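Chain and residue survey
Listed below are the residues making up each chain.
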Amino acid sequence: MTFGKLGRPPEDSLARQREIYVAISPLILETGVRRLSMRLAARTACLSVGGLYHHFATKQDLVLHGMQPEAIGRYCQDFHDKCGYLITADPKSFLDVYLEFLSNAIEFIRPAFFAALELGIETFEKILEPSLTAVNQEFAAAFRAVFPNASEDDIFQAGRAIHRSIVSALFDKNITRQEFHREVCALISGYFEMPQKTFKPAPPSLVLS
């Protein structure tokens, strides 16, 4: 049984939290956590302070949302619900859209990453490493499908190189999605012989905002 106002669908709390976090993400990077007030965050997200606290019990919950396992998991799940079928139906297109997705995901995670650094919270081993391991597995599956003649060592080394690029991009506030995308494409080109038309721009309808 569900409760709520008649005719109103139940709120997707994780989706709403994502919207709010994305709205205040530039503030996290510009002002830092300690200078960011919940009042300023609420105003930026076009909410009342009470409305903001309805979605995030504390400022720490808000600024770290982009690194919470459930938030990352949902972000990834939304992508796979939309594009996951391509890994078997059209592996080359999957690799294209997955690179776009990863570029967007770094922008999603980066503000929370810097917030965690400012707050002295361990980030990689306990929080981000499981996600990066999953990314490596995704790339390995795509590489095997797109580059059937590639050796397992090349696949492994390419995954490690992309892993390093992701870590570097998280630290770099100035890198754009386009720059990161080009860098990873160049890395992949260095490890594999590129099939024709690989890495065309992803259709906008397949890219998460």
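**Overview of the packing of helix α8 (residues 124-146) against helix α9 (residues 152-171)**
Running from amino to carboxyl end, α8 crosses α9 at an angle of 140°, the nearest separation of the two axes being 9 Å. By the angle between their directions, the pair α8 and α9 is classed as oblique. For the crossing formed where α8 meets α9, the hand is right-handed. Within the contact between the two elements, α8 uses F124, L128, E129, L132, V135, N136, F139, A140, F143 and R144 and α9 uses E152, I155, A158, G159, I162, H163, I166, V167, L170 and F171. Across the contact of α8 with α9, the residue classes tally to 14 nonpolar, three polar and three charged.

**Notes on the side chain of Q17**
Looking at where Q17 falls in the secondary structure, it is placed in helix α1 (residues 13-31). Residue Q17 is classed as buried on the basis of its relative accessible area, which comes to 18%. Polar side-chain contacts of Q17 include one of 2.8 Å to the backbone oxygen of H55. Aside from chain neighbours lying at most four places away, what touches Q17 is H55, F56 and H65.

**Observations concerning the environment of I109**
Examined against the element boundaries, I109 turns out to sit in helix α7 (residues 91-119). Other than its neighbours up to four places away in sequence, I109 contacts Y21, G66, M67, I72, L128 and L170.

**A look at the environment of V97**
Here V97 is to be found in helix α7. Assessed through its relative accessible area of 1%, V97 is described here as buried.

**What about unusual backbone geometry?**
For C46, which is not glycine, the phi torsion reads 60° and is therefore positive. Turning to its location among the elements, C46 is positioned in the loop between α2 (38-44) and α3 (49-55). Classification of C46 as exposed rests on a relative accessible area of 71%.

**What about the pattern of salt bridges?**
A side chain with one charge may pair with a side chain of the opposite charge, provided their charged atoms come close. Enumeration over the complete set of coordinates arrives at seven salt bridges. D78 is paired through a salt bridge with R18; the nearest N and O atoms lie 2.8 Å apart. Of this pair, D78 sits in helix α5 (residues 69-83) while R18 is found in helix α1, placing the two residues 60 residues apart along the sequence. For R18, a relative accessible area of 16% corresponds to the buried category. The residue R177 makes a salt bridge to E107 at a minimum N-O spacing of 3.3 Å. Highlighted residues: R177 in helix α10 (residues 177-191) and E107 in helix α7, separated in sequence by 70 residues. R177 gets classed as partly exposed once you look at its relative accessible area, which sits at 34%. Classification of E107 as partly exposed rests on a relative accessible area of 34%.

About the thresholds
- Residues numbered from 1 in each chain as written.
- Predicted model: local features only at pLDDT ≥ 70, side-chain atom pairs only at ≥ 80, totals over all residues.
- Heavy atoms only, no water.
- Axes fitted to C-alpha atoms, helices over the stretch in contact; angles between N-to-C directions.
- Helix = DSSP H or I, 4+ residues; strand = E, 2+ residues; numbered from the N terminus.
- Parallel < 35°, antiparallel > 145°, perpendicular 65-115°, else oblique.
- Left-handed = near helix turned anticlockwise from the far one by under 90°.
- Contact = heavy atoms within 4.5 Å.
- Nonpolar A, V, L, I, M, F, W, Y, C, P; charged D, E, K, R; others polar.
- Buried < 20%, exposed > 50% of the residue type's maximum accessible area, 1.4 Å probe, protein only.
- Polar contact = N/O pair within 3.5 Å; in protein donor to acceptor, adjacent residues only side chain to side chain.
- Salt bridge = Lys/Arg side-chain N within 4 Å of Asp/Glu carboxyl O.

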